[in-house]
Amino acid sequence: MNNKDDKRSSDSIDRLIFEQKLCIKTLHIDKDLDLLLLIFNNGNVLKAKLSDYPRLKKANNSQLSDYKLINGGVGIQWEALEEDLSLKGFIKTSALNQMMRN
């Protein structure tokens, strides 16, 4: 039987974000270290490289610091750079990079 009221996602990342309410609490950027640090509301930290995102790599420090968290912290927007990145995308990229290193 198909239950239309069951809105549970089959995607494990969506479940983590929406059912467990994972979101980005803050973002730290260090251009010199080619580093983005996403700090989540559960205290975990995800590390990413600025150079993985061409618009961010080309941006200056002032442009990089002009971001806002969107949709309750499930995305980051740099309006002047026309760059929007999702928490889901960061998690997927991190998981892929981790698998490639092993």
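A quick note: this is a predicted structure, and the numbers were derived from the prediction, not measured.

Chemist: Tell me about the sheet that holds strand S5 (residues 75-78), and please be specific about residues and values.
Modeler: On the basis of which strands lie adjacent, the open sheet formed by 3 strands has the order S4-S5-S6 and antiparallel pairing. Each edge of the sheet is formed by a strand with only one pairing partner; in this case those strands are strand S4 (68-70) and strand S6 (83-86). Averaged over all neighbouring strand pairs, the angle between strand axes comes to 25°, with direction disregarded. Sheet topology note: the S5/S6 ladder contains 4 bridges and is antiparallel. Across the sheet, the residue bridging to Trp78 is Glu83, located in S6. On top of the sheet, helix H4 (residues 87-101) reaches S5 and S6; it is set at about 65° to S6, its chief contact.

Chemist: Please give an account of the pattern of salt bridges that cites residues and values.
Modeler: Counting across every chain of the model gives 2 salt bridges. Asp11 is the partner of Lys88 in a salt bridge, and the nearest nitrogen-oxygen pair spans 3.5 Å. Of this pair, Lys88 sits in helix H4 while Asp11 is found in the segment before helix H1 (12-19), placing the two residues 77 residues apart along the sequence. For Asp11, a relative accessible area of 23% gives the class partly exposed. Where Lys88 meets Asp14, a salt bridge forms, and the shortest distance between an N and an O atom there is 3.3 Å. On the criterion of sequence distance, the pair formed by Lys88 in helix H4 and Asp14 in helix H1 is long-range, its members being 74 residues apart. Taking the relative accessible area as the measure of exposure, Lys88 reaches 24% and is therefore partly exposed. Several salt bridges converge on common partners, so that one network encompasses Asp11, Asp14 and Lys88.

Chemist: Residues and numbers for H1, please.
Modeler: In an α-helix, one turn spans 3.6 residues, which is why side chains three or four residues apart end up on the same side. Among the residues of H1, those classed as buried are Ile13, Asp14 and Ile17. For H1, the buried positions fall inside an angular range of 95° around the axis, keeping them on one side. Turning to H1, the residues buried within the fold contact H4. Two or three places before Ile13, at the opening of H1, Asp11 has a side-chain oxygen 2.8 Å from that residue's backbone nitrogen. The positive-phi residue at the C-terminal boundary of H1 is Lys21, with phi of around 60°.

Chemist: Break down the packing of aromatic side chains for me, citing the residues and quoting the values.
Modeler: Inspection of the entire model under this criterion finds 2 aromatic pairs. Ring geometry for Tyr67 against Trp78: centres 6.1 Å apart, planes inclined by 50°, an arrangement best described as tilted. Within this pair, whereas Tyr67 is found in the loop between helix H3 (61-65) and S4, its partner Trp78 is found in strand S5, the two being separated by 11 residues in sequence. Residue Trp78 is classed as buried on the basis of its relative accessible area of 1%.

Criteria and thresholds
Residues numbered from 1 in each chain as written. Predicted model: local features only at pLDDT ≥ 70, side-chain atom pairs only at ≥ 80, totals over all residues. Heavy atoms only, no water. Pairing = 2+ DSSP bridges. Helix = DSSP H or I, 4+ residues; strand = E, 2+ residues; numbered from the N terminus. Axes fitted to C-alpha atoms, helices over the stretch in contact; angles between N-to-C directions. Contact = heavy atoms within 4.5 Å. Salt bridge = Lys/Arg side-chain N within 4 Å of Asp/Glu carboxyl O. Buried < 20%, exposed > 50% of the residue type's maximum accessible area, 1.4 Å probe, protein only. Arc of directions from axis to C-beta. Polar contact = N/O pair within 3.5 Å; in protein donor to acceptor, adjacent residues only side chain to side chain. Phe/Tyr/Trp six-rings, centres within 6.5 Å; stacked < 30°, edge-to-face > 60°.

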